[in-house]
Amino acid sequence: GNIITRAGVHLGGDIDYSGHSFESFPNGAAALFGADAIPSAGFAQLVAFIGALELGVMKDIEGTGNEHVGDFRNGAIDFGWDTFDEETKLSKRAIELNN
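Residues numbered from 1 in each chain as written. Predicted model: local features only at pLDDT ≥ 70, side-chain atom pairs only at ≥ 80, totals over all residues. Heavy atoms only, no water.

Q: Any details on the overall build of the protein? Residues and values, ideally.
A: A tally of regular secondary structure across the protein gives 3 helices and 0 strands. When the helices and strands of the protein are read in sequence order from the N terminus, they spell out α-α-α. By the compact-globule yardstick of 13 Å for 99 residues, the protein is too spread out, its C-alpha radius of gyration being 19 Å. Overall, the protein is about 50 × 30 × 20 Å in size when its C-alpha atoms are taken along their principal axes. Sequence-distant contacts, at least 24 apart, represent 5% of the contacts inside the protein between residues at least 6 apart. When the accessible surface of the protein is summed, it comes to about 7800 Å², and 61% of that surface belongs to carbon and sulfur atoms. For the protein, the distance from the average site of its 6 positive side-chain charges to the average site of its 15 negative ones is 5 Å. (Helix = DSSP H or I, 4+ residues; strand = E, 2+ residues; numbered from the N terminus. Rg over C-alpha atoms; globule rule 2.2 N^0.38 Å. Contact = heavy atoms within 4.5 Å. Areas by Shrake-Rupley, 256 points an atom, 1.4 Å probe, with all protein chains shown as cover. Lys, Arg positive; Asp, Glu negative; His and termini not counted. Charge placed at Lys NZ, Arg CZ, Asp CG, Glu CD.)

Shown next as structure tokens:
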């Protein structure tokens, strides 16, 4: 996201009902802190949403078929992972961890 927005690519439309466009806010940390930052209520919404995901959704539930630490599928989502052989799975996990 940071590379794309610094290249000048922003979502179209408004970020709130007051008419502030996505392009009206600076890139990077300046969008959260500083004179031109998003309003504090918007920042609080971001923190609350991320907190809700961490506490309520992104859980490693035992006994649901998780293959490794960090496997949050919990038996519900499968984008073809179960069709890969063990060598391919190991390779894909290594690629992801090295990102």
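Q: Talk me through the packing of aromatic side chains; I want residue IDs and the actual numbers.
A: According to the stated counting rule, one finds 2 aromatic pairs in the structure shown. Ring centres of Trp 81 and Phe 84 lie 6.0 Å apart, and the angle between their planes is 90 degrees; on these two criteria the pair is classed as edge-to-face. Overall, the relative accessible area of 31% leaves Phe 84 in the partly exposed class. Over the ring of Phe 84 we find Lys 92; its NZ or CZ atom is 5.1 Å from the centre of that ring. (Phe/Tyr/Trp six-rings, centres within 6.5 Å; stacked < 30°, edge-to-face > 60°. Buried < 20%, exposed > 50% of the residue type's maximum accessible area, 1.4 Å probe, protein only. Lys NZ or Arg CZ within 6 Å of the ring centre and 35° of its normal.)

Q: Tell me about the pattern of salt bridges, and name the residues and values.
A: A side chain of one charge can pair with a side chain of the opposite charge when the charged atoms of the two come close. Summed over all chains, the structure comprises 1 salt bridge. Between Lys 89 and Glu 86 there is a salt bridge whose closest N-O contact spans 3.8 Å. With Lys 89 and Glu 86 both in helix α3 (residues 86-97) and 3 residues apart, this pair spans about one turn of that helix. On the accessibility criterion, Lys 89 (5% relative accessible area) is buried. (Salt bridge = Lys/Arg side-chain N within 4 Å of Asp/Glu carboxyl O.)

Q: Could you give me a rundown of α3, with the residues and numbers involved?
A: Taking 1.5 Å per residue, 12 residues should reach 16 Å; α3 reaches 16 Å between its end C-alpha atoms and fits that length. Burial analysis of α3 places just 1 of its 12 residues in the buried class, which makes it a mostly uncovered element. Sitting at the amino-terminal end of α3 is Asp 85, which places a side-chain oxygen 3.2 Å from the backbone nitrogen of Glu 87. (Expected span 1.5 Å × (residues − 1). Polar contact = N/O pair within 3.5 Å; in protein donor to acceptor, adjacent residues only side chain to side chain.)

Q: Account for the environment of Glu 87, naming residues and giving values.
A: By secondary structure assignment, the location of Glu 87 is in helix α3. What makes Glu 87 exposed here is its relative accessible area of 66%.

Q: For a nonpolar patch on the surface, give the residues involved together with the corresponding values.
A: Side chains of Leu 32, Phe 33, Leu 46, Phe 49 and Ile 50 sit close together on the surface and give an oily, nonpolar patch of about 500 Å² of accessible area. The class for Leu 32 is partly exposed, based on a relative accessible area of 33%. (Patch = residues over 30% accessible without salt bridge, like charges linked within 9 Å, V, L, I, M, F, W, Y side chains within 5 Å.)

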